[in-house]
Amino acid sequence: MGKKVLIVGGVAGGASVAARVRRLDESAEIIMFEKGPHVSFSNCSLPYHLSGIVEDSEKLVLMSPEIFKSRYNIEARVQQEVIQINRDKKTITVKDLISDKTYEEGYDKLVLSPGASPIRPNLEGIDNSNVFTVRNVVDIENINSYIKQKGMKDIAVIGGGFIGVEVAENLKLANYNVTLVEFANQVMAPFDYDMAQILHKEMVDHGVELILDDGLAKISDGYITTNSGRKIDAQAVVLAIGVRPETNLAKEAGLEIGETGAIKVDSNYLTSDRDIYAVGDAIEVYHRLLQKQTRLALAGPAQKQARAAADHMYGIPNRNIGVIGSSSIHLFDLNAASTGLNARTAEQAGMMYDYVYLMPGDKVGLMPDSNPMHFKLVYEYPTGQILGAQAIGKGNVDKRIDVIATMITMNGTLEDLKDLELTYSPMLGTAKDVVNHAALVGLNLLQGRYKEVKVSQVRELVESNAFIIDAREKGEYNAGHFKNAVNIPLSEFRQRLDEIPKGQPVYIHCRSGQRSYNMVMALQNLGYENVYNISGSYLGVNLYEYFNDLVTGRERIVTEYNFK
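Caption draft 1: The arrangement of the sheet that holds strand 15 (residues 216-220) in detail. Spatial ordering of the open sheet is given by 15-16-17, a layout of three strands whose pairing is antiparallel. Each having just a single partner strand, strand 15 and strand 17 (231-233) make up the two edges of the open sheet. Going from strand to strand, the sheet's axes swing by 25 degrees on average, the running direction of each strand aside. For strand 15 and strand 16 (residues 223-226), the ladder comprises four bridges, and the chain directions are antiparallel. Note that in strand 16 the partner of Ser 220 across the bridge is Tyr 223.

Following this line, the structure appears as structure tokens:
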């Protein structure tokens, strides 16, 4: 007779273990336990039910217990909560939530995949009936039915991570008045502050009221109060502050908990008990770039962990290379993706690093749906080893970030990325792809071929009346420019060299950075030593400045915004 494998929790981790064990061992007895009514559902798709993109919530359920049994001979027991692990007897104690009875079930191998639970801070009003979290199909159904039946108009979303942003987007698409409150100074922590400004603009442009640097203080009847004392109309509140790994079962069983507060596992996802594995959001994993333990609540890594754990039960070796953290999101008209370290994390880790920010077209410019792709590449200094990247645009940002994720996994450098041979069609990309382009810019900086300033430094340059050249044509300049910029187009500068000083720093920009780069290189060849390209140029700086200008009312550094 085969092994008896019990699995606590379903979805990406638990269900994937069950399926892999069945493929390896037809004789195994496999039982999954899920305290909710659904053992397999698309948790990443939950917010899309709120907008009707996923119209029927039942479609979020991927597989029923009946299908698990008939197709795979896997028993899935729903509304059955595992309340105790009896390691000495190799049994678990299960509570049937329908009958309220308890029973024991023995195992040869036990897999814990309990996931992570949404954080609910201890605040006034937090347990009100109009306060929701998002974890499963029942949660999203409850939100949808409540706001529809009660005729809600004003909804507050607390938290600007993946769930919060996606919930806010889908509620807005359903024509609700949505306010998103985030304690940090930006949404979407995987992105650096400069890149997040693009997402901030996208949200406010689509009617989401975005409140940053403020947190939830109290929930009252019909409104919430923030830490700053601001009152916001909200007949319903969705909490998306973050998640906490479900470790109670493991702790009570005496299993070792790691330094991050999640379940500690070895390279094969074994816990401190040789017959108990753990996978998914409840465990800590090794970050290969930071070289320390971390938590990573993503479906892709959970599925890989599940396969590795099942393989180890049957003596199949597993190569654990750690995680780098790759993710993507769709937000209104934009796609955004990131991988590895952003500049902020590299800074906090004490790494020597630099980065490039550029915005080439996502496909050949004469194609009707060509758009800028904002791309930021972070690399180690002075080795040029690639540490991470972020991309935002209307095109295939995920493809570009997947390339970078692959390069990081292979310990790639800027030189490797420069030479990477990629596919090309005018409808799909450019002959020199965004990622190749980023590597070339990075190498120019790394090797000291030219200098640049970042978008975050431009306000100070304008306010201090630094010498800034706008290398765009006159019509572009007239449509909007930095208040102190001198218009010397790339097409004219060789005839106007007497207007460009050699005894002080000269900062040059155009729309996206290409024309200004060419002027910088030409001036250097003409003997100018103190010239700088403005990274991101006019479009990038406009995007960086816009949201803060809007919410603070501060004086703009441009005569007119221009996002075209």
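There is more to say, and it comes next.
Caption draft 2: Local environment of the sheet that holds strand 28 (residues 451-453). Reading across from one edge, 28-32-31-29-30 is the order of the five strands in this open sheet, with parallel pairing throughout. Of all the strands in the sheet, just strand 28 and strand 30 (486-487) have a single pairing partner and so form its edges.

Caption draft 3: The arrangement of the nonpolar core in detail. Core analysis: the largest hydrophobic core is formed by 66 residues, its most contacted members being Ile 147, Leu 171, Leu 180, Val 187 and Phe 482. It is helix 16 (residues 537-552) that provides the largest number of residues to this core, a total of six residues. Of all hydrophobic cores here, the second largest spans 50 residues; its members include Val 356, Val 397, Ile 500 and Val 531.

Caption draft 4: Structural detail: the pattern of salt bridges. Counted according to the given criterion, the structure contains 33 salt bridges. We note a salt bridge from Asp 100 to Lys 95, for which the minimum N-O separation is 3.3 Å. For Asp 100, a relative accessible area of 54% corresponds to the exposed category. For Asp 192, the salt bridge is made with Lys 376, and the minimal N-O distance between the two is 3.0 Å. In this pair, Asp 192 sits in the loop between strand 13 (177-181) and helix 6 (193-205) while Lys 376 sits in strand 26 (residues 373-380), placing the two residues 184 residues apart along the sequence. On the accessibility criterion, Lys 376 (2% relative accessible area) is buried.

Definitions and cut-offs
- Residues numbered from 1 in each chain as written.
- Predicted model: local features only at pLDDT ≥ 70, side-chain atom pairs only at ≥ 80, totals over all residues.
- Heavy atoms only, no water.
- Pairing = 2+ DSSP bridges.
- Helix = DSSP H or I, 4+ residues; strand = E, 2+ residues; numbered from the N terminus.
- Axes fitted to C-alpha atoms, helices over the stretch in contact; angles between N-to-C directions.
- Core = buried A, V, L, I, M, F, W, Y, C linked by side-chain atoms within 4.5 Å.
- Buried < 20%, exposed > 50% of the residue type's maximum accessible area, 1.4 Å probe, protein only.
- Salt bridge = Lys/Arg side-chain N within 4 Å of Asp/Glu carboxyl O.

These figures capture arrangement, not role.
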